[in-house]
Amino acid sequence: MIARIWSGKSPLYLLLLPFAWLYGLITFTLRYSYKKGWKKSWRAPVPVVVVGNLTAGGNGKTPVVIWLVEALQQRGLRAGVVSRGYGGNAAKYPLVLNSATTAAEAGDEPVLIFQRTGAPVAVSPVRSDAVKALLKESHLDVIVTDDGLQHYALQRDIEVVVVDGVRRFGNGWWLPAGPMRERAARLSTVDAVITNGGTAHAGEISMTLEAGLAVNVLTGEQCDVTALQDVVAMAGIGHPPRFFATLKSLGVVTQAEIAFADHQDYQPDQLNPLASPDQTLLMTEKDAVKCRLFAQPHWWYLPVNARISPDESGNLFAKIDQVILRK
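Residues numbered from 1 in each chain as written. Predicted model: local features only at pLDDT ≥ 70, side-chain atom pairs only at ≥ 80, totals over all residues. Heavy atoms only, no water.

**Looking at the sheet that holds strand β11 (residues 231-235)**
Okay, step 1: Spatially, 6 strands are ordered β10-β9-β14-β13-β11-β12 in an open sheet, and the strand pairing comes out mixed. For this open sheet the edge positions go to β10 (222-223) and β12 (254-259), each flanked by a neighbour on one side alone.
Okay, step 2: As defined by bridge partners, strand β9 (residues 214-216) adjoins β10 across 2 bridges and the pair is classed as antiparallel. Bridge assignment links A214 to a residue of β10, and that residue is C223. (Pairing = 2+ DSSP bridges. Helix = DSSP H or I, 4+ residues; strand = E, 2+ residues; numbered from the N terminus.)

**Comments concerning helix α10 (residues 310-326)**
Okay, step 1: Along its 17 residues, α10 runs 23 Å from first to last C-alpha, staying within 8% of the 24 Å computed at 1.5 Å per residue.
Okay, step 2: Remark: the principal bend of α10, roughly 25°, maps to L316.
Okay, step 3: When α10 is considered as a whole, its buried residues turn out to be S313, L316, F317, I320 and V323.
Okay, step 4: Considering only its buried residues, α10 is in contact with β1 (48-52), α3 (61-74), β6 (158-164), β7 (192-196), β8 (205-211) and β15 (304-308). (Expected span 1.5 Å × (residues − 1). Bend = angle between axes of the 7 residues up to and from the residue. Buried < 20%, exposed > 50% of the residue type's maximum accessible area, 1.4 Å probe, protein only. Contact = heavy atoms within 4.5 Å.)

**Thoughts on the environment of P110**
Okay, step 1: Secondary-structure assignment places P110 in helix α5 (residues 108-117).
Okay, step 2: Accessibility expressed as a relative area gives 2% for P110, which makes it buried.

**As for the pattern of salt bridges**
Okay, step 1: Under the definition given, this model contains 17 salt bridges.
Okay, step 2: Notably, a salt bridge pairs R181 with D147, separated by 3.3 Å at the nearest N-O pair. Here R181, found in the loop between β6 and β7, pairs with D147, found in the loop between β5 (142-146) and β6; they are 34 residues apart in sequence, far enough to count as distant.
Okay, step 3: For E204, the salt bridge goes to R168, with nearest N and O atoms at 3.0 Å. With E204 in the loop between β7 and β8 and R168 in the loop between β6 and β7, this residue pair connects regions lying 36 residues apart in the sequence. Comparing E204 with R168 shows no difference in burial state: the two are buried. (Salt bridge = Lys/Arg side-chain N within 4 Å of Asp/Glu carboxyl O.)

**Re the domain arrangement of the protein**
Okay, step 1: When cut into domains, the protein gives domain 1 (1-208 + 307-326) and domain 2 (213-302).
Okay, step 2: Of the roughly 1,100 Å² buried where domain 1 meets domain 2, counting both sides, 54% is carbon and sulfur surface.
Okay, step 3: The tally of links between domain 1 and domain 2 comes to 4 salt bridges.
Okay, step 4: Taking the shortest distance from any N to any O, the salt bridge between E109 and K286 comes out at 2.8 Å.
Okay, step 5: The residue inventory of the side of domain 1 that touches domain 2, partitioned by class, reads 4 nonpolar, 6 polar and 5 charged. (Domains from an automatic or database assignment. Buried area = accessible area lost by both parts, 1.4 Å probe. Nonpolar A, V, L, I, M, F, W, Y, C, P; charged D, E, K, R; others polar.)

**Structural notes on the side chain of H298**
Okay, step 1: Structurally, the position occupied by H298 is in the loop between α9 (285-288) and β14 (299-302).
Okay, step 2: Those residues in contact with H298, other than ones at most four positions away along the chain, are A275, S276, P277, Q279, T280 and L281.

**Some words on a nonpolar patch on the surface**
Okay, step 1: A cluster of nonpolar side chains, contributed by M1, L12 and L15, occupies part of the molecular surface with about 350 Å² of accessible area.
Okay, step 2: Turning to its location among the elements, L12 is positioned in the loop between α1 (2-7) and α2 (13-36). (Patch = residues over 30% accessible without salt bridge, like charges linked within 9 Å, V, L, I, M, F, W, Y side chains within 5 Å. Areas by Shrake-Rupley, 256 points an atom, 1.4 Å probe, with all protein chains shown as cover.)

Written out as C-alpha cells, the structure reads:
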C-alpha cells in the first residue's frame with residue numbers, strides 16, 4: 001500500500017499531506033538553523049564525502065559507498081567510513097569495527113562495507129564522534145559517510161546523492177505522504193548525482209548493479225547463480241523487488257520470493273522453514289552478514305557491484321582531489 005501511495009498511484013497521500021507539511025517545515029528549519037550557525041556543526045580535519053539520498057527506501061547507496069571507497073584506495077588514498085549504524089545496538093559508541101564485530105552490534109551495512117573494502121569503519125549516532133574515533137586510530141586522507149546527507153551536525157566537503165533511476169522521486173512529497181526526505185530541488189546544491197538504473201538525466205552519472213558469482217554463506221564456495229537449483233529468494237533491503245528483478249534478468253527461476261523489512265534482524269527459526277535442504281535459499285549479501293553464525297549448507301548469497309563509467313565519474317574525483325589539496 002505504501003508503495004502505491006508514494007508512487008502516486010493512490011490518492012490516499014492526500015490524507016497524509018498535513019504530516020508531510022510538518023515534516024518539511026521541521027527539516028527546512030533544521031537545515032536553515034545549521035546554515036545560519038544557530039545550531040553548531042563540526043568540521044573534520046580531513047575531507048568528508050557524504051553519500052546519501054533524498055528518498056526513503058533502497059536506492060543502491062551501499063554499493064556506491066563500496067565503489068567509492070575502493071576507487072579511492074586504487075588512487076592510493078586512505079579512506080575511512082562512518083555510519084550511524086542503523087539496526088545495530090553497540091554496548092558503547094563510537095564503535096570501531098574489527099573482524100569480530102557483528103551486524104547486531106554495528107548494523108548490517110557497516111559490517112558489509114568493512115568486509116568488502118577492508119577500510120576502517122566506525123559507527124555512532126553522532127557521526128562526528130565516529131570520525132574522531134577513526135582519526136584517533138588511523139591516519140586517513142578522506143572520510144566517506146554512509147548516508148547522513150541530512151545530518152548537518154557534521155560538515156561536509158562533497159555531497160553525492162544516489163537516485164533510483166526507475167522510481168525517481170515518486171509523487172514528490174515529503175514523508176509520510178511521499179518518499180522524500182528533502183525535495184528534489186536539493187539536487188541542484190550537491191556535487192554529484194548517481195542514478196542507479198533507469199535513465200540518467202542530464203548532468204547525472206549513470207550506474208548499473210552487476211551481479212557477481214553466488215557465494216555459499218557457510219563455506220564461501222562460489223558458483224554461477226544459474227547453477228543453483230530450486231531457488232527460494234529472500235531479501236531484507238530497502239527495495240526487495242530490485243533483487244528479485246536482478247535474479248530474473250540473470251535467468252534464475254525462483255520457486256518463491258520473500259521480502260523482509262530493511263535491516264531485518266534474522267533468527268534461525270525465521271529462516272530455516274523458508275527452504276528445505278533440497279532447495280537453495282538465495283539472499284542478498286546484506287542479509288548474509290546477519291546469518292553467518294547460524295548459516296545452513298544450502299544458503300547462498302549474490303553480491304552485487306556498482307558499475308560506473310570512469311569518464312562520467314571523472315569530475316567527482318577531480319572535486320575530491322581539489323578538496324584534499326586544499327586541506
